[in-house]
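Examination of the molecular architecture
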Amino acid sequence: MSLQIAKEIVTNIKNGDIKPIYFLMGEEAYYIDAISDYIEKTVLSEEEKGFNQMVLYGRDVTIDDIVGNAKRYPMMAELQVVIVKEAQDLSRTIENLVSYVENPQPTTVLVLCYKYKKLDARKKLSKAVKKSGVLFESKKLYDNQIPDWIKRTLASKGYTISPKAAQMLTEFLGTDLGKINNELEKLQLILKPGEQITPQVIEENIGISKDFNNFELQNAIGERDIKKAFSIIQYFAQNPKNNPIVMTVSLLYGFFVKVLKYHSLTNKASAAKELGVNPYFLKDYEKAARNYPMKKVSGIIATIREVDMKSKGVGAANMSQGDLLKELLVKIFE
């Protein structure tokens, strides 16, 4: 949803529909930066920017400073652009912008990057921005939405990615879209448009092992492939910095919670939608459900919680990450 709205904002600007206020807020910094960067690069020509484009930082200015700059007239240009980065540092006084937003300077484009927070919709500023400009909320994506975001982002640039490769990137990079996009851009420099990003490409260029990762561990456990699961754990024990236990435990917890939910579904035909997974990976949950009865899955989830506590020093201060994961596998497979 944030992607679609961000594209609409950029398209409107490209078509000359430029608003006097852009209040960009929310948990996901990626879209806030993308819109702000687009305005910074394109609204003014290079010749106009010298006198008419200003970048301020929330920690260094007051609301009065921002308003003072916004009320200036452009020099030898139709518009001036004032961008306030890290505007969340002004959260205590941000409502003081109301009077300006209610009557903004028509020749100024004021952009506020209000990251990791959002305005109170009940207060005047939020309502005023909606009337005179653009109020955009950049929402954080859930883990299960990231692979599809990767796929769509690459498709827009003429590339494809295999489901497993998208899952590997998600597992390794988390939900930070900026970080993910940086890695995708590196891969696009290496590959030709139209080529597919595969696990092999990721292993060779990003450094994620295609055979020894949390995704492969999850599959090995789901298939009850004991030998493969323990070999992956052994690799993790030898490379703890690149394979933190918190990531492994979190992934396995989420996996078995979905397996438990799969057991409870009366209509398995809609399982992919109900679990929030790519249909390509549904077979992994079906297989795990066959290998682990519902009661066993409940016990595994409880065990994962115990190991999570131990990994944080509760009741097992002297156990290594490798030993904790081995203990977890023993209890899963018993």
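Report follows, based on the coordinates.

What counts, and at which threshold
Residues numbered from 1 in each chain as written. Predicted model: local features only at pLDDT ≥ 70, side-chain atom pairs only at ≥ 80, totals over all residues. Heavy atoms only, no water. Helix = DSSP H or I, 4+ residues; strand = E, 2+ residues; numbered from the N terminus. Buried < 20%, exposed > 50% of the residue type's maximum accessible area, 1.4 Å probe, protein only. Areas by Shrake-Rupley, 256 points an atom, 1.4 Å probe, with all protein chains shown as cover. Lys, Arg positive; Asp, Glu negative; His and termini not counted. Charge placed at Lys NZ, Arg CZ, Asp CG, Glu CD. Axes fitted to C-alpha atoms, helices over the stretch in contact; angles between N-to-C directions. Parallel < 35°, antiparallel > 145°, perpendicular 65-115°, else oblique. Left-handed = near helix turned anticlockwise from the far one by under 90°. Contact = heavy atoms within 4.5 Å. Nonpolar A, V, L, I, M, F, W, Y, C, P; charged D, E, K, R; others polar. Polar contact = N/O pair within 3.5 Å; in protein donor to acceptor, adjacent residues only side chain to side chain. Expected span 1.5 Å × (residues − 1). Arc of directions from axis to C-beta.

**What about the overall build of the protein?**
When helices and strands are tallied, the protein shows 17 helices and seven strands. Projected onto its principal axes, the C-alpha positions of the protein cover 75 × 45 × 45 Å. The proportion of buried residues among the 334 residues of the protein is 46%. Total accessible area on the protein stands at roughly 17,400 Å², and carbon and sulfur atoms take up 51% of it. Of the side chains in the protein, 47 bear a positive and 41 a negative charge, and the two mean positions are spaced by 5 Å.

**Description of the packing of helix α13 (residues 245-264) against helix α16 (residues 294-311)**
Between α13 and α16, whose axes approach to 9 Å, the crossing angle comes to 160 degrees. The angle between α13 and α16 falls in the class roughly antiparallel. Considering the relative orientation of α13 and α16, their crossing is left-handed. Residues Ile 245, Val 249, Leu 252, Tyr 253, Phe 256, Val 257, Val 259, Leu 260, His 263 and Ser 264 of α13 lie in contact with α16, whose contacting residues are Met 294, Val 297, Ser 298, Ile 300, Ile 301, Ile 304, Arg 305, Val 307, Asp 308 and Ser 311. Among the residues making up the contact of α13 with α16, the classes are represented as 14 nonpolar, four polar and two charged.

**Considering the side chain of Thr 170**
Here Thr 170 lies in helix α8 (residues 163-173). Using a relative accessible area of 8% as the deciding quantity, one classes Thr 170 as buried. Of note is the side chain of Thr 170, whose polar atom sits 2.9 Å from the backbone oxygen of Ala 166. Excluding anything up to four places from it in sequence, Thr 170 contacts Asp 143, Ile 146, Pro 147 and Ile 150.

**Concerning helix α1 (residues 2-14)**
Since the α-helix advances by 3.6 residues per turn, residues separated by three or four positions end up pointing in the same direction. Look at α1: 18 Å from first C-alpha to last across 13 residues, which is about the 18 Å you get at 1.5 Å a residue. Where α1 is concerned, the buried positions are Ser 2, Leu 3, Ala 6, Ile 9, Val 10 and Ile 13. Down the axis of α1, the smallest arc covering the buried residues is 125 degrees, so these residues share one side. Contacts made by the buried residues of α1 are with β1 (21-26), α2 (29-42), β5 (134-137) and α7 (146-155). Just past α1, the residue Gly 16 takes up positive phi, approximately 90 degrees.

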